[in-house]
Amino acid sequence: MIKKLLSLLAVLLLLPFSSSQALNGPVYEVFVASYADSNKDGMGDLIGLAEKIPYIRELCVSALWLMPIHPSPSYHKYDVLDYYAVDKSYGSMEDFLFLSQQLKKADIKLILDLVINHSSNMHPWFLSASKSLNTKPCGKEICPHKELCISHNPYVNYYNFTKGEGQHKVPDAYGWYYLGNFGAHMPDFNLDDANLRNELLNIARFWVENGADGFRLDAVIHFYEQNAEKNKDFLHWFIHSLKEIKPDIYIVGEAWSDDNTVLRLYESGIDSLFDFSLAGSGGHIVKAMRNGDGASLASYLDKRYKAIKAANPASQNAPFLSNHDMGRIAGTLMRKEQQIKQAAAIYLTLPGVPYIYYGEEIALTGSGRDENKRLPMLWNSRGENITLPPKDADQKQRQTKGVEEQEGEPSSVLNFYKQLLNVRSSTPVFTYGELNSIDLGLKGIAAWEISFEKNTLSVYHNLSKQEAVLNVNAGTLLYAGDTGSGAPVLSDGVLIMPSGSSCIIK
């Protein structure tokens, strides 16, 4: 009987738990160093970012995601030196608190990048652990305890050290190796260690107490290197623990993997996972646009969203077009504004929490090495108040019209984004709505309904090169997106859609 109860308890613990508060709109991703410079030193900083909150608010986003802001020897800061501090080049802890306060006044939540797969090899934890590998606390020339002799240092168990063979040699510790799947400069954490787990929760608690509303978890499929079951179990523990700290905390994870792996991770109860299946040059959105096959896209989305909801009914999918690890979508689409706008219209009319990479809304470019994907935000064509590019960037920005110029052009990419995002923000059905594809028998049309409670929207995208005339249920044209060939028109149940256009019918 006891075994049966324990078995039932184990099952219940792994069931998805619902968030008490979802994000009600898109998230804006920012690389602080390349965004806004307040003190004219060429480096973007937290105060500069705070000064741009009015602009960010005009995008009608629900949250701001900051790529890592902690001290780090690398420009990208994904190898952390101190999880409880702000990198000096970005500002101070006081600057962070100011930014947090200003975001709350603007009703924008703050999401921080939390790197818990690895640290820097220069982190004090790793340095201390490495040094202790060569000590003999028992005082004997030949230590009888062998590997147990170094267990007095808790930091040794924070990492994956092995004796005799391994991935990377431990400096000045003969015969010792450590695991670091992202490179020798990023030693992997041993996430089974209880002390480390407590440390990670303390880190999260610290930032929540100082204004963070959620976290983006880096490299979640690498916590236990492709061991999907252990990754899921750790995520379940971590998310459950975080929600004890802050019940309405929002957690999104990076799982750059196949659909089945992502669905299994959703079973952990995580709020969102980035939908890499839709992103980039090989994603379903760009492929459908290139093939003029909207019907196949809608069919895939129907299956995708239903599978995610089956894995975790409380989840919110996180579609996006590109991010800091991928070539920017404007370059992928050969800087063709009509296609850039259409790609935006497709993913921003999907339910869940879409992610916008800074500069995407003005069609910034950048590809190749990572530094090129994180080029400065272009505020104007004169180059005023622009940060310096990352040191090793070897590509110049091809976009010449900045925010200032695009704000004054009604048909600009920026104003296209603003119009669509404004409509989305006034339509709560996008937050938790269920997607059902609409089969019109037309290859070029991507169509779906989004329903939540008693509200339903219909979304149509014409991916073909010809005008489409559709018979639809009567309704109100809530949004008519003109990407360059004209805007859709609805009259007496007849919808006329120019090539490349999009619309939302309520």
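Above this note sits the structure.
Figured I'd write up the structure that's included with this text. (Residues numbered from 1 in each chain as written. Predicted model: local features only at pLDDT ≥ 70, side-chain atom pairs only at ≥ 80, totals over all residues. Heavy atoms only, no water.)

## Remarks on the overall build of the protein
If you tally the helices and strands in the protein, you get 15 helices and 19 strands. The C-alpha atoms of the protein give 24 Å as radius of gyration, which agrees with the globular expectation for 506 residues (23 Å, within 12%). By principal-axis analysis of the C-alpha atoms, the protein measures approximately 90 × 70 × 40 Å. In the protein, which comprises 506 residues, the share counted as buried stands at 57%. Taking all contacts inside the protein whose residues are at least 6 apart in sequence as the whole, residues at least 24 apart take part in 66%. Surface accessibility of the protein: about 21,300 Å² in total, with carbon and sulfur atoms responsible for 52%. Distance between charge centroids for the protein: 3 Å, based on 48 positive and 57 negative side chains. (Helix = DSSP H or I, 4+ residues; strand = E, 2+ residues; numbered from the N terminus. Rg over C-alpha atoms; globule rule 2.2 N^0.38 Å. Buried < 20%, exposed > 50% of the residue type's maximum accessible area, 1.4 Å probe, protein only. Contact = heavy atoms within 4.5 Å. Areas by Shrake-Rupley, 256 points an atom, 1.4 Å probe, with all protein chains shown as cover. Lys, Arg positive; Asp, Glu negative; His and termini not counted. Charge placed at Lys NZ, Arg CZ, Asp CG, Glu CD.)

## Regarding the sheet that holds strand β15 (residues 468–471)
With antiparallel pairing, three strands are arranged side by side in an open sheet as β15-β18-β17. Edge positions in the sheet fall to β15 and β17 (489–491), since each of these pairs with one other strand and no more. On average, each strand axis in the sheet is tilted by 20° relative to the strand beside it, whichever way the strands run. Bridging between β15 and strand β18 (residues 494–497) involves four bridges; their strand directions are antiparallel. Within β18, the residue paired with Val 469 across the bridge is Ile 496. (Pairing = 2+ DSSP bridges. Axes fitted to C-alpha atoms, helices over the stretch in contact; angles between N-to-C directions.)

## With respect to helix α14 (residues 413–425)
Given a rise of 1.5 Å per residue, 13 residues ought to cover 18 Å, and the 18 Å separating the end C-alpha atoms of α14 matches this to within 8%. Of all 13 residues in α14, ten are buried; the element is thus mostly enclosed. (Expected span 1.5 Å × (residues − 1).)

## As for the sheet that holds strand β4 (residues 161–163)
As a general point, the strands of a sheet are linked pairwise by backbone hydrogen bonds and lie either parallel or antiparallel. The sheet built from three strands is open, its strands ordered β4-β6-β5 with antiparallel pairing. The open sheet is flanked by β4 and β5 (168–169), the only strands paired with a single partner. Sheet topology note: the β4/strand β6 (residues 176–178) ladder contains three bridges and is antiparallel. Opposite Phe 161, over in β6, you have Tyr 178 as the bridge partner.

## Brief notes about the pattern of salt bridges
In this structure the tally under the stated criterion is 24 salt bridges. A salt bridge links Glu 229 to Lys 232, with the nearest nitrogen and oxygen atoms 3.2 Å apart. Note that Glu 229 and Lys 232 are positioned in helix α7 (residues 228–245) at a spacing of three residues, about one turn of the helix. Beyond isolated ion pairs, a larger network of salt bridges with shared partners links Lys 104, Asp 213, Lys 246 and Asp 248. (Salt bridge = Lys/Arg side-chain N within 4 Å of Asp/Glu carboxyl O.)

## Observations concerning the packing of aromatic side chains
According to the stated counting rule, one finds 32 aromatic pairs in the structure shown. Taking 5.1 Å as the distance between ring centres and 80° as the angle between the ring planes, the aromatic pair formed by Tyr 155 and Tyr 158 counts as edge-to-face. Seen from their ring centres, Trp 256 and Phe 276 are 4.6 Å apart, and the 15° between their planes marks the pair as stacked. Residue Trp 256 is found in the loop between β8 (250–253) and α8 (259–266), and its partner Phe 276 is found in the loop between β9 (272–275) and α9 (284–291); the two are separated by 20 residues along the sequence. Note on Trp 256: relative accessible area 44%, which makes it partly exposed. Through a chain of ring-to-ring contacts, three or more aromatic side chains come together here, namely Tyr 83, Trp 125, Phe 126, Tyr 155, Tyr 158, Tyr 159, Phe 161, Tyr 178 and Phe 189. (Phe/Tyr/Trp six-rings, centres within 6.5 Å; stacked < 30°, edge-to-face > 60°.)

## Quick notes on the packing of helix α12 (residues 337–347) against α14
Axis separation between α12 and α14 bottoms out at 10 Å; the angle between their running directions is 15°. Judged by the inter-axis angle, α12 sits roughly parallel to α14. When the axes of α12 and α14 are compared, the crossing they make is right-handed. In this structure, α12 uses Glu 337, Ile 340, Lys 341, Ala 344, Ala 345 and Tyr 347 to contact α14, whose residues at the interface are Val 413, Phe 416, Tyr 417, Leu 420 and Arg 424. (Parallel < 35°, antiparallel > 145°, perpendicular 65-115°, else oblique. Left-handed = near helix turned anticlockwise from the far one by under 90°.)

## A few points about the nonpolar core
One broad rule of soluble globular proteins: the nonpolar side chains tend to lie buried together. Core analysis: the biggest nonpolar cluster contains 144 residues, and Tyr 28, Tyr 35, Tyr 55, Leu 66, Phe 215 and Tyr 355 have the highest contact counts within it. Contacts of Tyr 35, omitting those with residues within four sequence positions, involve Tyr 28, Val 30, Leu 49, Lys 52, Tyr 55, Ile 56, Tyr 358, Met 377, Trp 379 and Thr 387. Ala 447, Tyr 460, Val 472 and Cys 503 belong to the second largest nonpolar core, which has ten residues in total. (Core = buried A, V, L, I, M, F, W, Y, C linked by side-chain atoms within 4.5 Å.)

## What to know about a nonpolar patch on the surface
A contiguous nonpolar surface patch, about 290 Å² in accessible area, is contributed by Val 469, Val 489, Val 494 and Ile 496. Here Val 494 shows up in strand β18. (Patch = residues over 30% accessible without salt bridge, like charges linked within 9 Å, V, L, I, M, F, W, Y side chains within 5 Å.)

## As for the environment of Leu 200
Here Leu 200 lies in helix α6 (residues 194–209). When its relative accessible area of 2% is taken as the criterion, Leu 200 is described as buried. For the pair Leu 200 and Tyr 83, spaced 117 residues apart in sequence, the C-alpha to C-alpha distance is 9.1 Å. Residue contacts for Leu 200: discarding those within four places in its chain leaves Ile 116, Leu 191, Phe 234 and Phe 238.

## Examining unusual backbone geometry
We note that Lys 77 has phi near 70°; this positive angle belongs to a residue other than glycine. Note on placement: Lys 77 falls in the loop between β2 (63–66) and α4 (93–105). You will see that Glu 453, though not glycine, has its phi angle at about 55°, which is positive. Relative to the elements of secondary structure, Glu 453 occurs in the loop between β13 (445–452) and β14 (455–462).

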